[in-house]
Amino acid sequence: LRSDLGDEEIEVSVAGDRLSVIPKQKLLPSTRYQIRISDRIRGVDGEQLASAVQQAFTTKDGEWQPLEFVKDPDPAGGREQRHAAGAIDRQGRAVVIWEDHQSAKVRVWASASRADDTWDEPRLIDESSHYNVYEPIVGMDAQGNALALWNERERGIYSRRYDASSGAWEDELTRIDQRPVGPFLGDTTYPRMAVAADGQALAAWSFFTLWPQPGFHGTFTARYGASGWEQPALLPTSDIADKEVRLNDDAGVVAWTFSNQLLAASFAGGTGDAEVTQLNADGPAGTPVPGARLALGPSGRALVVWNGVWNGALDPVWFNVRGENGQWGTPAAATDGLDVQRVEMDARGNAMVVGLHYEDSRTRVRALPYYARENVWGEAIDLDNEPECSARDPQVAVDRGGNALVVWRECNFREDETWFSLWARRYRPSEGWGEAVQLDEQQFVGAATIWLGPQIAINSSGDAIAVWATFFGVRAARFR
């Protein structure tokens, strides 16, 4: 049983005159497969096929499932949920974490779903009694184990593991950052983390001092393996700017900006010292803005896209590609009029970029495909519904076969009311873009109506989950 991506692992069983071929992993949606049965197959009485049997079929595409309530609202208690993040394993089990705001206190809560899509009772996973907790992140391996990471600023970066076999968060809470030697007072910021299918993880964060030596700053990385979190290491020529982290079973990459340079640290196989490469060209036209976006594929492939600055305005989108040889190429311009937000890559090295462009005093969501074989960019397309206010916060997830899902939020006016809605759109390489599907809609009741739009995660079988936090609780929608 195989597709263009290679052979699938299968199990074969025989009952009477029926031969059953069962994939060990759920097949990708909207993908053409071919099954071949050799003429060397024998029946229980030695019967032989006259010739080999070969049959092609295309799997059905997925669809969005009904809305799920991960955390019910608590308006009476004055609590708000913000900045939800989620992850999904190859069996379709999911973990969602979020910030819980009550009065002046911010904590991190989490919930996990079972095989029947029911959600556990939310539980507190941080142990901060004096400090606010921000920027929660979560990732899962292929077996459903999860790592959560969050920032307590003055206290540092903390992590906790969810064990799929027990269905519970482990007792141990780990602080993974390391402050410079001395009585420094400072903050950690911009934490990022990626988790690979084999359970490895790579995290990065920035640190800057406030006292007694203001001005020290840098970006640290730490890796997670069978023995837990390793000691952090300081990246060379690093700043406190935003960064991207990606990790798979082949390699890990961290991309960040420093002054007028865009840099990438590559970890071969997720181990060893990092090899740092400058990805942009010298000169004003190549000067990157903070927030370069990174995608990582198999066999060492990677793609970084970023916006440059020229005379104070966004320059065209720039990009650099790393091939299977592990070498970065030459930076080149891709397109203009796009404020890059995120990029993801499939198993062939093709990628999908989503971003914002500005039109009539509003922002709109736009997607831009990249084709690895030809090293060219496709046609950009606006995905939103031309909202009266703006479309914001686009996120994209791409499966191994290149099928993509984009989610975003937009707002419109109804008489004297403002309404926010969450939308999704499907891309299939063989069909192009489908119609936009509405996932949720809420009336504006304050800044917490929908915090920063949705996040989306996808597994190796093409199933996905979108999650978002609102004044009305934490919600999720699955695609399968």
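Read on for an overview of the structure.

The rules behind the values
Residues numbered from 1 in each chain as written. Predicted model: local features only at pLDDT ≥ 70, side-chain atom pairs only at ≥ 80, totals over all residues. Heavy atoms only, no water. Pairing = 2+ DSSP bridges. Helix = DSSP H or I, 4+ residues; strand = E, 2+ residues; numbered from the N terminus. Axes fitted to C-alpha atoms, helices over the stretch in contact; angles between N-to-C directions. Buried < 20%, exposed > 50% of the residue type's maximum accessible area, 1.4 Å probe, protein only. Salt bridge = Lys/Arg side-chain N within 4 Å of Asp/Glu carboxyl O. Core = buried A, V, L, I, M, F, W, Y, C linked by side-chain atoms within 4.5 Å. Contact = heavy atoms within 4.5 Å.

**As for the sheet that holds strand S15 (residues 168-175)**
Then comes step 1: With antiparallel pairing, the four strands of this open sheet are ordered in space as S12-S13-S14-S15. Whereas interior strands pair on both sides, the edge strands pair on one side only; in this sheet they are strand S12 (134-140) and S15. Within this sheet the neighbouring strands show an average axis-to-axis angle of 20°, counted without direction.
Then comes step 2: Where strand S13 (residues 146-151) lies against strand S14 (residues 157-163), six bridges are found, and the strand directions are antiparallel. Following the sheet pairing, Asn151 is matched in S14 by Ile157.

**With respect to the pairing of strand S36 (residues 417-428)**
Then comes step 1: Counting buried residues in S36 gives nine out of 12 residues, a clear majority hidden from the surface.
Then comes step 2: Between the antiparallel neighbours strand S35 (residues 404-414) and S36 lie two residues, among them Glu415 with a positive phi of about 55°.
Then comes step 3: Direction of pairing for S36 relative to strand S37 (residues 432-433): antiparallel, over a ladder of two bridges. Within S37, the position partnered with Tyr427 by the bridge is Trp433.
Then comes step 4: Adjacent in sequence and paired antiparallel, S36 and S37 are bridged by three residues.

**Overview of unusual backbone geometry**
Then comes step 1: For Asn375, which is not a glycine, the phi torsion comes out positive at approximately 55°.
Then comes step 2: Secondary-structure assignment places Asn375 in the loop between strand S31 (362-371) and strand S32 (376-377).
Then comes step 3: The class for Asn375 is partly exposed, based on a relative accessible area of 42%.
Then comes step 4: With a phi close to 50°, Glu386 is a non-glycine residue in the positive phi region.
Then comes step 5: Along the chain, Glu386 falls in the loop between strand S33 (381-382) and strand S34 (391-398).

**Focus: the pattern of salt bridges**
It is possible for side chains bearing opposite charge to pair when their charged atoms get close.
Then comes step 1: Tallied over the full model, the rule gives 30 salt bridges.
Then comes step 2: Connected through salt bridges with shared partners, the residues Glu359, Arg362, Arg364, Arg366, Asp382 and Asp384 form a single ionic network.

**Description of the nonpolar core**
Then comes step 1: Val95, Ile97, Ile125, Val138, Trp150 and Trp169 are the most contacted members of the largest nonpolar core, which has 17 residues in total.
Then comes step 2: The set of elements that each furnish at least two residues to this core consists of strand S8 (79-88), strand S9 (94-102), strand S10 (105-112), S12, S13 and S14.
Then comes step 3: Beyond its immediate stretch of four places on either side in the chain, Val95 contacts Ala85, Gly86, Ala87, Ser111, Ala112, Val138, Met140, Ala146, Tyr162 and Trp169.
Then comes step 4: If you look at the next biggest cluster of nonpolar residues, it comprises 15 residues, including Ile137, Leu147, Ile157 and Val195.

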